[in-house]
Amino acid sequence: MPLQKTTETREIGSYYIFIEQDQQMALPLGEFNLLAPAVSFTIARLSFGAEQPPAVRLFRHIFRFPEARLNKAARQRWVDDSLQRLLTPLDTPTSRAAEQPDILTPGIYSDGAAPHLYLIETPRPREGYTEVLAFNARSGGDIYRTLINAAQLAPVAELVSQRWQRELNSYAPRGESRYTFEHLAGCLLGGAVGDALGAGLTRRSLGQIRAQFGPVGADDYAPIDGKIATLSWHSQMSLFTAESLIRAKRRADAKGICDVVGVVLHGYYRWLAIQGETPPNPAAAPTQADGFLAGLAALHARRGPSQTVLTALRSGQRGTISQPITQSKGAGAVARIAPVGLARMIESFSLGAEIAALTHGHATGYLAAGCFATLIRTIMDGAALDAALDAAEAELRQAPRHEECLSVLTRARELAAHAPATAESVEQLGHGASAEEALAIAVFCALKADHFAHGVGLAINHSGSSDLTGAMTGQILGALFGKQQIPERWLSPLELRHEIEKLAGDMFLEFSGAPHTLWFAAEREVYPGW
């Protein structure tokens, strides 16, 4: 009868191996252990030098013995063969090891049991039980070493890019909510498309536009300095708003408290820094240009930022509703606010207004921003456009000094009820240079839109701030209809298209509440919580 337990050690090349054979080795089986005949290999790499330990432990791997009884010689051959299967991948380049379906290469793996993930540090077979570093994917904590059935492991990178990505894209929230990746990406991409389409027209009169593009106007990107589909400063700041809201949520999750507006102000200082400006010192928030967006060269391009915004940020002061630092109601206050409606954090109206007031202190400017944030949030919650406008108006009526903004918004809705969808109708609402005019034009164009391209085309072909009104209309219609309604001929050349989609995906991971999203959220180095 074979011994219950035997041990031996071997040195093979640069490896030191401890081998343990046991007739009743404890192998994990769900919440219990299975006692079975098995052999355990603990492999260490020999090291040389007086200041180094004699061996550095690499991993432990266990194989169950074959069901058939083996004589002593056959048993020894099987142990030798199993050991060779462990050592071969260690001396094989990772790229070649990855081509072998029976080898687990270094990386993060899942066994499908939330919320734990497993780190494999060196290659090993997919057969048997292997020792891994386990951690809680939601918190990043609870780190410990454990044995796990290697056959159950699937690489997280594969889950993210294939099966899990399909689940993410097809995620459908309960009820009528539009809070899916499709609609969130539609809002961010739609705004960028509308902005880039309008940017080439924004200094032209309606007559000039029609003279060059015909009576219908432009239906594609107009070149700017020899380039097409580039983003204006409005989209740049909108993207920094989105990034900052992710970072604010990270801080709130980690600390239990967060000054969201302060984190957004830090985001605007990052934008200011990469625009070639010297950040203010002292300043009302950190000014380091770190994070995902600051590393994108395209966002360093200076695309005509307003003096109001530059002056406010250069001052180092924090504008508030009660203590404004400007009296501007320019549309730059509202053009960057749509991400507030996408972020499920706190009440959208007040947050949108407070973020706008960082640079624009006139009540009409920051109230238009609060109204627009509520409009986007309510659309994402599943409301039809008219119902979302009703909700935004109801919030607006509660705010002091709302009369001017409400009057223009009401006029836009009344005009949409009877006026044709023409540039002449759009121009009855103004040119979009002020916050309330930009909001009114975007609302009119969205109400008259038969589809995304129709509404955005209406929003850009007029004698005014075509980039602003195109961006805001694109954000509304992108949230309503989703990314699939944005023509590919507009998406394909769009500057930073893939980076915007990544940002949309990261917002979805943070704010949607979809299953398992916290497993795969971007690294904290990408979105640090400050």
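Please refer to the structure higher up on the page.
## A closer look at the packing of aromatic side chains
For any two aromatic rings, the description comes down to two numbers: the centre-to-centre distance and the angle of the planes.
Right, so step 1: Across all of its chains, the model carries 5 aromatic pairs by this definition.
Right, so step 2: When the ring of Y179 is compared with that of F508, the centres are 6.4 Å apart and the planes differ by 15°; the resulting orientation is stacked. Placement of the pair is Y179 in the loop between α4 (163-169) and α5 (181-199) and F508 in helix α21 (residues 497-511), with a sequence separation of 329 residues. F508 carries the same exposure label as Y179, and that label is buried.
Right, so step 3: In this structure, R124 is placed above the aromatic ring of F59, and the distance from its NZ or CZ to the ring centre is 4.4 Å.
Right, so step 4: In this structure, K502 packs its charged tip against the face of F292, placed 5.3 Å from the ring centre.

## Concerning helix α19 (residues 466-481)
Right, so step 1: If you check α19, its first and last C-alpha atoms are 21 Å apart, about what 16 residues at 1.5 Å a residue would give, namely 22 Å.
Right, so step 2: Counting buried positions along α19 gives 15 out of 16 residues, so the element sits mostly inside the fold.
Right, so step 3: G482 sits one or two positions beyond α19 and adopts a positive phi of about 90°.

## Examining the side chain of H183
Right, so step 1: Mapped onto the elements of the fold, H183 is located in helix α5.
Right, so step 2: Taking the relative accessible area as the measure of exposure, H183 reaches 15% and is therefore buried.
Right, so step 3: Apart from the residues within four sequence positions on either side, H183 is in contact with R178, M380, G478, A479, L480, F481 and G482.

## Focus on the state of the cysteines
Right, so step 1: Enumeration over the complete set of coordinates arrives at 0 disulfides.
Right, so step 2: For the unlinked cysteine C371, the closest cysteine sulfur is that of C405, found at 5.4 Å.
Right, so step 3: Given the relative accessible area of 2%, C371 is considered buried.
Right, so step 4: Judged by relative accessible area, C405 falls into the buried class, the value being 2%.

## Things to note about empty space enclosed by the protein
Right, so step 1: For the structure on display, the rule yields 1 cavity of 30 Å³ or more.
Right, so step 2: If you add up the space inside the largest cavity, you get close to 70 Å³.
Right, so step 3: Taken together, C187, L188, G191, A192, S235, S238, L239, Q475 and I500 make up the full set of residues lining the largest cavity.
Right, so step 4: Counting only elements with at least two residues in the lining of the largest cavity, the list comes to α5 and α7 (233-255).
Right, so step 5: Here the lining of the largest cavity takes 4 residues from α5, the largest share from any one element.
Right, so step 6: Of the residues in the lining of the largest cavity, the class split is 5 nonpolar, 4 polar and no charged.

## Some details on unusual backbone geometry
Right, so step 1: Cis geometry is found at the peptide bond from N281 to P282, where omega equals 5°.
Right, so step 2: A positive phi angle, close to 60°, is found at R401, a residue other than glycine.
Right, so step 3: Looking at the secondary structure, you find R401 in the loop between α14 (385-397) and α15 (403-418).
Right, so step 4: Since its relative accessible area comes to 53%, R401 is described here as exposed.
Right, so step 5: Positive phi is not limited to glycine here, since L496 has a value of about 60°.
Right, so step 6: Relative to the elements of secondary structure, L496 occurs in the loop between α20 (488-491) and α21.
Right, so step 7: Judged by its relative accessible area of 12%, L496 is buried.

## Topic: the pairing of strand β1 (residues 5-12)
Right, so step 1: Where β1 lies against strand β2 (residues 15-29), 8 bridges are found, and the strand directions are antiparallel. Bridged to T9 within β2 is F18.
Right, so step 2: Count of turn residues in the β1/β2 antiparallel hairpin: 2 residues, of which G13 carries a positive phi of about 60°.

## A short note on the pairing of strand β3 (residues 32-46)
Right, so step 1: Looking at chain direction, β2 and β3 are connected through 13 bridges and run antiparallel. By the bridge assignment, Q21 is partnered in β3 with V39.
Right, so step 2: The hairpin formed by β2 and β3 contains 2 residues between the paired strands, and G30 there has a positive phi angle of roughly 65°.
Right, so step 3: As paired strands, β3 and strand β4 (residues 55-64) are joined by 9 bridges and run antiparallel to one another.

## Observations concerning the nonpolar core
Right, so step 1: L375 and I476 are the most contacted members of the largest nonpolar core, which totals 114 residues.
Right, so step 2: Looking at which element gives the most residues to this core, the answer is helix α13 (residues 363-380), with 12 residues.
Right, so step 3: Leave out the neighbours within four places in its chain, and I476 touches F372, L375, I376, I379, L385, A442, V443 and A446.
Right, so step 4: Membership of the second largest hydrophobic core comes to 16 residues, among which are F59, F63, F65 and L87.

Rules of the game
Residues numbered from 1 in each chain as written. Predicted model: local features only at pLDDT ≥ 70, side-chain atom pairs only at ≥ 80, totals over all residues. Heavy atoms only, no water. Phe/Tyr/Trp six-rings, centres within 6.5 Å; stacked < 30°, edge-to-face > 60°. Helix = DSSP H or I, 4+ residues; strand = E, 2+ residues; numbered from the N terminus. Buried < 20%, exposed > 50% of the residue type's maximum accessible area, 1.4 Å probe, protein only. Lys NZ or Arg CZ within 6 Å of the ring centre and 35° of its normal. Expected span 1.5 Å × (residues − 1). Contact = heavy atoms within 4.5 Å. Disulfide = S-S within 2.5 Å. 1 Å grid on protein atoms, 1.4 Å probe; cavity = no way out; pocket = protein on both sides within 12 Å on 5 of 7 lines; lining within 4 Å. Points joined across faces, edges and corners; volume = space filled by probe spheres on them. Nonpolar A, V, L, I, M, F, W, Y, C, P; charged D, E, K, R; others polar. Pairing = 2+ DSSP bridges. Core = buried A, V, L, I, M, F, W, Y, C linked by side-chain atoms within 4.5 Å.

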